[in-house]
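# Observations on the model geometry
Residues per chain are reported as follows:
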Amino acid sequence: MPTLNANGLRIAFDTSGDPKAVPLLLVHGLGMQLTAWPDEFVEGLVELGFYVIRFDNRDCGLSTKFEQAGVPNLMLARLKAKLGWPLRPAYRLEDMAEDALGVLSALGVARAHVVGVSMGGMVAQILAARHPQRVLSLTSIMSSSGRRGLPGPLPRVRKALARKPANGADLDSIVEHTLALLRDIGSPAYPTPEKALRKRVARSLRRSYCPGGIARQMMAVSAGGDRSAELRGIGAPTLVIHGAADPLVPLACGQDTAAQIPGARLEVIEGMGHDLPPQLVERILALIDAHARGKMLPDSTPRLFVKQ
């Protein structure tokens, strides 16, 4: 896997498609490596004519780890966040946005369409807000503005997030633990076939497993706070995609994200949870493609939010 230097870090990356085609940067979520993007999703973007760029976020995959920062106490961090006390993460979402910018610069890409999922959506939002000249369009999927008062994960998902593998030193145990969590947050109407999901999870975990990095990324999200003011300054055409059945980042978070960004379009997908199931890949690709090309799908019924 090739690496590049970005923002002072070693970042693992991968590109697909013709380098002369229109660039599209994918930014994934919490603890998710570049290999977590479904193959059919990446291949579909290439077929649509994009030059697809993926990378491992810091503290994930084959990119630079921050083990020297230690593993944060997430329970204490959640308590501090509720009380409004300051958090001291090893790094912030803003740093991760600079990493993404550094990837584009290292590859000689002046401007790109940016698609972010979950935490990656937050990173993509910051990138679009702070570096508007580098972002052709923004697509924020199953993400949030971070505004206080928005709903959090459902109780059953909170419990799932708190669970640990039965044996943290055994790959099979870690795979089973990860599969259970992904089932808990996945799309109820579009379950990913067990065989395909297991294969993807095992491949990612064999490539890298860094639970400390996941905890540090969670701290960065917790410390991210309310991005509403920044979102209101985003000028790039913005599409917000959110599942109506998302149990991790509820639909209200996507609705609020769209409400904060001037002219943003919200596309709600019924039965979709917090994943990119194969049954929805074609639909999501069509939405991204139409958005990037400045078109509306004929069968699309967007909800428009106009700031007062």
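Residues numbered from 1 in each chain as written. Predicted model: local features only at pLDDT ≥ 70, side-chain atom pairs only at ≥ 80, totals over all residues. Heavy atoms only, no water.

### Section: helix α3 (residues 93-106)
In this model α3 runs 20 Å from its N-terminal to its C-terminal C-alpha over 14 residues, within 8% of the 20 Å that 1.5 Å per residue would give. Residues of α3 that are buried include every one of L93, M96, A97, D99, A100, L101, G102, V103 and L104, and no others. (Helix = DSSP H or I, 4+ residues; strand = E, 2+ residues; numbered from the N terminus. Expected span 1.5 Å × (residues − 1). Buried < 20%, exposed > 50% of the residue type's maximum accessible area, 1.4 Å probe, protein only.)

### Section: the packing of aromatic side chains
Under the definition given, this model contains 2 aromatic pairs. Taking the centre distance of 5.5 Å and the plane angle of 20° together, the rings of W37 and F41 count as stacked. Each member of the pair, W37 together with F41, is buried. The ring of Y91 carries R58 above its face, with NZ or CZ at 5.1 Å from the centroid. (Phe/Tyr/Trp six-rings, centres within 6.5 Å; stacked < 30°, edge-to-face > 60°. Lys NZ or Arg CZ within 6 Å of the ring centre and 35° of its normal.)

### Remarks on unusual backbone geometry
The backbone of N7 shows a phi angle near 55°, a positive value even though the residue is not glycine. Tracing the backbone through its elements, the reader meets N7 in the loop between β1 (3-6) and β2 (9-16). Classification of N7 as partly exposed rests on a relative accessible area of 41%. A positive phi angle is found at D59, which is not glycine, with a value near 70°. Inspection of the secondary structure puts D59 in the loop between β4 (50-55) and α2 (74-83).

### Description of the packing of α2 against helix α8 (residues 211-222)
It is the contact of α2 with α8, at a shortest axis distance of 11 Å, that shows an interaxial angle of 5°. Put simply, α2 runs roughly parallel to α8. Contacts between α2 and α8 involve L74, A77 and R78 from the former and A215, M218 and M219 from the latter. (Axes fitted to C-alpha atoms, helices over the stretch in contact; angles between N-to-C directions. Parallel < 35°, antiparallel > 145°, perpendicular 65-115°, else oblique. Contact = heavy atoms within 4.5 Å.)

### Quick notes on the pattern of salt bridges
Within this structure, the stated rule accounts for 15 salt bridges. One salt bridge in this structure joins R216 and E67, with 3.3 Å as the shortest N-O distance. Of this pair, R216 sits in helix α8 while E67 sits in the loop between β4 and α2; the two residues are 149 residues apart in sequence, bridging distant segments of the chain. You can call E67 partly exposed: its relative accessible area is 48%. For R130, the salt bridge goes to E230, with nearest N and O atoms at 2.6 Å. Of the two residues, R130 is situated in helix α4 (residues 119-130) and E230 in helix α9 (residues 228-231); the sequence distance between them amounts to 100 residues. Judged by its relative accessible area of 42%, R130 is partly exposed. (Salt bridge = Lys/Arg side-chain N within 4 Å of Asp/Glu carboxyl O.)

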